[in-house]
Amino acid sequence: VSPPARWYPTAVFDSKIGKTILFGGAFETPDSQPMWEWNGATWTERPDLAKMPGSGGAAFAYDAKRDRIVKFGGLLAGYSDETYEYTYGDAAWVAKAPAHKPAAGPGVTIYDSGRERVALYQGLTSELWEWDGSDWSHVGPGLSPAKRGLAALTYDSDRKKVVIFGGAVATPLL
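Residues numbered from 1 in each chain as written. Predicted model: local features only at pLDDT ≥ 70, side-chain atom pairs only at ≥ 80, totals over all residues. Heavy atoms only, no water.

So, on to the pairing of strand β3 (residues 35-38). Sheet topology note: the strand β2 (residues 19-23)/β3 ladder contains three bridges and is antiparallel. Across the sheet, residue L22 finds its bridge partner in β3, namely W36. With four bridges connecting them, β3 and strand β4 (residues 43-46) associate as antiparallel partners. Bridge pairing links E37 to T44 in β4. Counting the residues that bridge the hairpin from β3 to β4 gives four residues, and of these G40 lies at a positive phi of roughly 100 degrees. (Pairing = 2+ DSSP bridges. Helix = DSSP H or I, 4+ residues; strand = E, 2+ residues; numbered from the N terminus.)

Okay, structure coming up:
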């Protein structure tokens, strides 16, 4: 058994439970977005876990310090600028109300273990943001890559740097 085909899914590794969690993506209907777990050998569908509508194209990261999954944005009727958090203990997505937030649009996230923050690269604006659990902070100004969608983001723990790679540079990005 494996997850059905989908466009723009997101996966995060939850180091506390030792599993990769697959979220959403673009489906025929937005309500059919079950979460799946990968334990390194088999996939398990988790219909008991809360579904997150509009998670296709969203940016997800596991916040190891706070033991929760952070979601920014996604596609429903258009791009969203909403932030949600998920913990297994609560088995629910909780909407957050930050005072500041990135613009709606495609983004990628990672957990920066050196700063203990979730980092978000927002492709439409070419901005880097950090989530501390209650608010987003714009990081900058400074040198930033060209606006892009479909990029990859990672954290280099040896150099203690957030690294962005690839993506599609085009106008418009949508």
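Looking now at the pattern of salt bridges. One pass over the structure, following the stated rule, counts 11 salt bridges. Notably, a salt bridge pairs K96 with E85, separated by 3.8 Å at the nearest N-O pair. Remark: E85 occurs in strand β7 (residues 83-87) and K96 occurs in the loop between β8 (92-95) and β9 (107-112); sequence separation between them is 11 residues. Accessibility expressed as a relative area gives 3% for E85, which makes it buried. One salt bridge connects R115 with E130, and the closest N-O pair in it is separated by 2.5 Å. Residue R115 is found in the loop between β9 and β10 (117-122), and its partner E130 is found in strand β11 (residues 127-131); the two are separated by 15 residues along the sequence. By relative accessible area, R115 is classed as partly exposed at 48%. Classification of E130 by relative accessible area gives buried; the value is 9%. Each of D63, R66, R68, E85 and K96 takes part in a single network of salt bridges with overlapping partners. (Salt bridge = Lys/Arg side-chain N within 4 Å of Asp/Glu carboxyl O. Buried < 20%, exposed > 50% of the residue type's maximum accessible area, 1.4 Å probe, protein only.)

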